[in-house]
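In case you want the letters, here they are:
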Amino acid sequence: LIDSISIYFSTGPITWAKKYPIAATGQRQSPIDFNGENCTVCKDSSVFKPLEAKYPLVINQLKMVNSGNGWRVDIPSDYVNDTFLKGGPLQHKYRLEQFHCHWGKNCESGSEHTVNGKYYAAELHFVHWNCDLFNNFKEAAKEDKGLAVLGVFLESSEIKHEEFEKITSMLKEIPYKGDETFIPRISIDNILPKNRSYWTYEGSLTTPPLYESVSWIVFKEPIRVHETQIDEFRKLFHTSKESKEPLKVIENYRPVQPLCGRSVAFVEY
Ligand code: 1SD
Ligand code: ZN
């Protein structure tokens, strides 16, 4: 079946090094594995200040697009100033730009970061840019300390995640690349895990141009969503409506990259 060929082999990670040499030569590429050997545990606030993430209570009319590599939700400009991520490993204040997701061909893999070599079914990325040093996301995206991405693992379960359903129920409206729709009303806080323990390290974008500009903060506690909610992701097309060779986004995660001597902190709450 032509529509079930993974984009991994057509436009995915194994094809990147040719056009983006940093994929092979970079010293701070993402994602990575988190494990007992490479993490320093910080149990108190002596190393970092508390992490503070603030999002509007509810956001109305959030635009969601099929980017061709998955779905992406853009934060409307009138809400951007009501968002911030600061503290923890961050020396500056960051604003939320968008969030998106990575997944696999089944729930056995799909997350980008792994824990002791184990994959979660999917991984959400909340992409923030440094508003102390830069004027906008685009400027910040290529610079050291430019971006902070908050990662949230998705674990497949038997229970439907009600808030997350506000996203998954709208995916049928954006089957093809370039399609757009609006999520009527959502609360970002309700799709974040309760426990705020996290791993943090200095890394990169996980997709081209793979800029080494990201301070990663990945929550340890996954959110639990129903398997059928993740199934909806795999119905999205990588191609536009007009394409004669339709392909679906059934796998859009990058495999783990070498640590290259970087330190990883695990901050426990
Ligand atoms: O994969 C996303 C990519 O789609 C884009 O959103 C980029 C930000 O410019 O971020 C990467 S990622 O590193 O957050 N996966
Ligand atoms: Zn991502």
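Up top is the structure.
Residues numbered from 1 in each chain as written. Chains lettered and ligands numbered in written order. Predicted model: local features only at pLDDT ≥ 70, side-chain atom pairs only at ≥ 80, totals over all residues. Heavy atoms only, no water.

Novice: Sorry if this is basic, but what is going on with the overall build of the protein chain here?
Specialist: Secondary structure summary: the protein chain contains 7 helices and 15 strands in total. At 18 Å, the protein chain has a C-alpha radius of gyration in line with the 18 Å of a compact globule built from 269 residues. Along the three orthogonal principal directions, the C-alpha set of the protein chain runs to about 55 × 40 × 40 Å. Expressed as a percentage of its 269 residues, the buried residues of the protein chain come to 53%. Counted over contacts in the protein chain with a minimum sequence separation of 6, partners at least 24 positions apart contribute 74%. When the accessible surface of the protein chain is totalled, it reaches about 12500 Å², and 52% of it is carbon and sulfur. (Helix = DSSP H or I, 4+ residues; strand = E, 2+ residues; numbered from the N terminus. Rg over C-alpha atoms; globule rule 2.2 N^0.38 Å. Buried < 20%, exposed > 50% of the residue type's maximum accessible area, 1.4 Å probe, protein only. Contact = heavy atoms within 4.5 Å. Areas by Shrake-Rupley, 256 points an atom, 1.4 Å probe, with all protein chains shown as cover.)

Novice: When you look at the coordination of the zinc ion (ligand 2) in this model, what are you seeing that I'm missing?
Specialist: Reference values for coordination geometry: four tetrahedral donors around a metal ideally subtend 109.5 degrees, six octahedral donors ideally subtend 90 or 180 degrees. The zinc ion (ligand 2) binds to the protein through His 100 (NE2), His 102 (NE2) and His 125 (ND1), with metal-donor distances spanning 2.0 Å. Around the zinc ion (ligand 2) sit 4 donor atoms, and with donor-metal-donor angles ranging over 100 to 115° the site reads as tetrahedral. Sequence positions of the donors to the zinc ion (ligand 2) reduce to the motif H-x1-H-x22-H. Taken together, the residues His 100 in strand β7 (residues 94-103) and His 125 in strand β9 (residues 122-130) connect sequence positions 25 residues apart. (Donors = N, O, S within 2.8 Å, 3.2 Å for Na, K, Ca; no water. Tetrahedral: all angles 85-135°; square planar, octahedral: opposite > 155°, others 65-115°.)

Novice: Sorry if this is basic, but what is going on with the state of the cysteines here?
Specialist: Cysteine pairs can be linked by a disulfide, which is a covalent bond between their two sulfur atoms. For the structure shown, the criterion picks out 0 disulfides. You can see Cys 39 has no disulfide; the closest cysteine sulfur is in Cys 42, sitting 9.7 Å from it. Assessed through its relative accessible area of 17%, Cys 39 is described here as buried. Owing to a relative accessible area of 8%, Cys 42 belongs among the buried residues under this scheme. (Disulfide = S-S within 2.5 Å.)

Novice: Would you explain the pattern of salt bridges in this entry?
Specialist: Two side chains that carry opposite charge are able to pair once their charged atoms sit near each other. Throughout the structure, instances matching the rule amount to 11 salt bridges. Where salt bridges share partners, they join Arg 28, Asp 144, Lys 145 and Glu 202 into one cluster. (Salt bridge = Lys/Arg side-chain N within 4 Å of Asp/Glu carboxyl O.)

Novice: For this particular structure, what's the right way to read the packing of aromatic side chains?
Specialist: Two aromatic rings are characterised by how far apart their centres lie and by the angle between their planes. Considering all chains together, one arrives at 13 aromatic pairs under this definition. When the ring of Trp 103 is compared with that of Phe 233, the centres are 4.8 Å apart and the planes differ by 45°; the resulting orientation is tilted. A residue pair is termed long-range when its members are at least 10 positions apart, and Trp 103 in strand β7 and Phe 233 in the loop between α7 (227-231) and β15 (264-267) qualify at 130 residues. When the ring of Tyr 120 is compared with that of Phe 153, the centres are 4.5 Å apart and the planes differ by 20°; the resulting orientation is stacked. On the criterion of sequence distance, the pair formed by Tyr 120 in the loop between β8 (114-115) and β9 and Phe 153 in strand β10 (residues 147-157) is long-range, its members being 33 residues apart. Accessibility expressed as a relative area gives 0% for Phe 153, which makes it buried. An aromatic cluster is built from Trp 71, Phe 99, Trp 103, Phe 126, Phe 164 and Phe 233, whose rings are joined through pairwise contacts. Above the ring of Phe 84, the side-chain terminus of Lys 86 is found at 4.9 Å from the ring centroid. Against the face of Tyr 120 rests Lys 118, its NZ or CZ located 3.9 Å from the ring centre. (Phe/Tyr/Trp six-rings, centres within 6.5 Å; stacked < 30°, edge-to-face > 60°. Lys NZ or Arg CZ within 6 Å of the ring centre and 35° of its normal.)

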